[in-house]
Amino acid sequence: MLIIFDLDGTLINTIDDLGQACNHALSACGFPTHTIEDYPRLVGNGINKLIERALPEQQRNETTVLRLRQYFVPFYDKHNCDLTRPYNGIPELLKALKAAGHTLAVASNKYQAATEKIVAHFFPNTFDVVLGERVDVPRKPDPQIVWDILASLPSTINHKPSTLYVGDSLVDAATAKAANLPFVACTWGFCTKEQLLTAQPDYMITHPLELLNII
């Protein structure tokens with residue numbers, strides 16, 4: 001089976017490092033910052049959208065977002081593994097899935113370089129495909145990232161009915177629906193259980209190892 005995982009909020013808790021990087025960019029450009037507790041509601045659609053949501057409403061324009069991104073990316077590249085950690089149970093889950101012969105992929109809205117670095121740091125030699133935000137490729141919930149994962153795998157394992165999509169957000173739910181894949185909602189991430197239930201997931205799990213009961 002192919003199991004596609006979201007990254008932030010699903011495999012790893014990145015909110016502290018994301019929040020610190022965004023606050024660094026906001027401060028560098030003279031804007032008010034946020035508490036780390038504010039950031040779960042700001043993430044989910046890539047770095048540019050995070051910056052846009054963090055800005056004062058009247059400043060939410062492309063020029064300002066790109067100016068802050070110039071501060072965000074170098075800071076985040078340097079510090080994106082400082083406070084980020086896998087969720088409890090994730091390393092054990094991935095080890096069990098690999099031992100059982102499943103194919104594993106990451107589909108993230110985090111930009112590609114950071115996605116690759118973080119996955120390699122925390123989960124070396126674990127994932128068969130790791131894709132993030134790339135130039136000229138639409139972000140999730142557009143299903144293109146799923147098609148790209150499937151296209152990169154041998155034809156013997158890229159059959160959609162043998163694929164699950166695991167994520168923690170409404171963006172992930174919409175991505176799975178757009179790709180016509182079963183969606184496993186995990187409740188330990190950045191969305192509440194109540195929010196996830198509105199997406200009518202095929203499955204809902206409260207601990208990573210519960211996924212082993214689904215596959």
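Look up: the structure comes first, before these words.
Residues numbered from 1 in each chain as written. Predicted model: local features only at pLDDT ≥ 70, side-chain atom pairs only at ≥ 80, totals over all residues. Heavy atoms only, no water.

Visitor: Describe the side chain of Asn109, naming the residues involved and giving the relevant values.
Guide: Take Asn109: it is sitting in strand β4 (residues 103–111). Residue class for Asn109 comes out buried when judged on its relative accessible area of 6%. From its side chain, Asn109 meets the backbone nitrogen of Lys140 in a polar contact 2.9 Å long. If sequence neighbours within four positions are ignored, Asn109 has contacts with Gly44, Asn45, Gly46, Ile47, Glu133, Arg139, Lys140 and Val171. (Helix = DSSP H or I, 4+ residues; strand = E, 2+ residues; numbered from the N terminus. Buried < 20%, exposed > 50% of the residue type's maximum accessible area, 1.4 Å probe, protein only. Polar contact = N/O pair within 3.5 Å; in protein donor to acceptor, adjacent residues only side chain to side chain. Contact = heavy atoms within 4.5 Å.)

Visitor: Describe in detail the pattern of salt bridges, supporting the description with residues and values.
Guide: On inspection of all chains with the given rule, the structure shows 8 salt bridges. Between Lys140 and Asp172 there is a salt bridge whose closest N-O contact spans 2.9 Å. With Lys140 in the loop between β5 (129–133) and α6 (144–152) and Asp172 in helix α7 (residues 170–178), this residue pair connects regions lying 32 residues apart in the sequence. By relative accessible area, which is 1% here, Asp172 ends up buried. Put simply, Asp6, Lys140 and Asp172 are held in one network by salt bridges that share partners. (Salt bridge = Lys/Arg side-chain N within 4 Å of Asp/Glu carboxyl O.)

Visitor: Describe helix α1 (residues 15–28), and please don't skip the residues or the numbers.
Guide: The end-to-end C-alpha distance of α1 is 20 Å, a good match for the 20 Å that 14 residues give at a rise of 1.5 Å each. For α1, every residue scored as buried is listed here: Ile15, Asp17, Leu18, Gly19, Ala21, Cys22, Asn23, Ala25 and Leu26. In this structure, the buried residues of α1 make contact with β2 (12–13), α2 (47–54), α3 (62–79) and β4. Looking one or two residues past α1, Gly30 carries a phi angle of roughly 85°, positive in sign. (Expected span 1.5 Å × (residues − 1).)

Visitor: Would you mind going over the sheet that holds strand β8 (residues 203–205) in detail, with residue names and values included?
Guide: Strand order in the open sheet formed by 6 strands is β5-β4-β1-β6-β7-β8, and the pairing between neighbours is parallel. Taken across any chain shown, the strands that pair with only one partner, and hence form the sheet edges, are β5 and β8. Going across the sheet, the axis of each strand differs from the next one's by a mean of 20°, ignoring polarity. With 3 bridges joining them, strand β7 (residues 183–186) and β8 adopt parallel strand pairing. If you follow Cys186 over to β8, its bridge partner there is Ile205. Relative to β5, α6 is tilted by about 155°, and along the sheet it contacts β1 (2–5), β4, β5 and β6 (163–167). (Pairing = 2+ DSSP bridges. Axes fitted to C-alpha atoms, helices over the stretch in contact; angles between N-to-C directions.)

Visitor: So, a nonpolar patch on the surface: which residues are in play, and what are the values?
Guide: Taken together, the side chains of Met1, Leu209, Leu212 and Ile215 present a nonpolar region at the surface, about 270 Å² in accessible area. Inspection of the secondary structure puts Met1 in the segment before β1. Overall, Met1 belongs to the partly exposed group, its relative accessible area being 35%. (Patch = residues over 30% accessible without salt bridge, like charges linked within 9 Å, V, L, I, M, F, W, Y side chains within 5 Å. Areas by Shrake-Rupley, 256 points an atom, 1.4 Å probe, with all protein chains shown as cover.)

Visitor: Explain the packing of aromatic side chains to me, using residue names and the numbers behind them.
Guide: Under the criterion given, the structure shown has 6 aromatic pairs. Residues Phe72 and Tyr76 carry aromatic rings whose centres are separated by 5.5 Å and whose planes lie at 35° to one another, so their mutual orientation is tilted. Of this pair, Phe72 and Tyr76 both sit in helix α3, separated by 4 residues, roughly a single helical turn. A cation over an aromatic ring shows up here: Arg69 above the ring of Tyr111, its NZ or CZ 5.6 Å from the ring centre. (Phe/Tyr/Trp six-rings, centres within 6.5 Å; stacked < 30°, edge-to-face > 60°. Lys NZ or Arg CZ within 6 Å of the ring centre and 35° of its normal.)

Visitor: Explain the packing of α2 against α3 to me, using residue names and the numbers behind them.
Guide: Look at α2 against α3: their axes get within 10 Å of each other, and the N-to-C directions meet at 110°. As judged from the angle between their axes, α2 and α3 are roughly perpendicular. For the element pair α2 and α3, the recorded crossing hand is right-handed. Across from Ile47, Asn48, Leu50, Ile51 and Glu52 in α2, the residues of α3 making contact are Val65, Leu66, Leu68, Arg69 and Phe72. Grouping the constituent residues of the contact of α2 with α3 by class yields 7 nonpolar, 1 polar and 2 charged. (Parallel < 35°, antiparallel > 145°, perpendicular 65-115°, else oblique. Left-handed = near helix turned anticlockwise from the far one by under 90°. Nonpolar A, V, L, I, M, F, W, Y, C, P; charged D, E, K, R; others polar.)

Visitor: With reference to specific residues and values, describe the pairing of β7.
Guide: By the alternation rule, side chains of β7 split into Phe183 and Ala185 and Val184 and Cys186, which are all buried. Bridge count between β6 and β7: 3 bridges; the pairing is parallel. Within β7, the residue paired with Gly167 across the bridge is Ala185. Viewed along the sheet, the connection from β6 through α7 into β7 turns out right-handed. (Right-handed = clockwise from strand over helix to strand, strands pointing away.)

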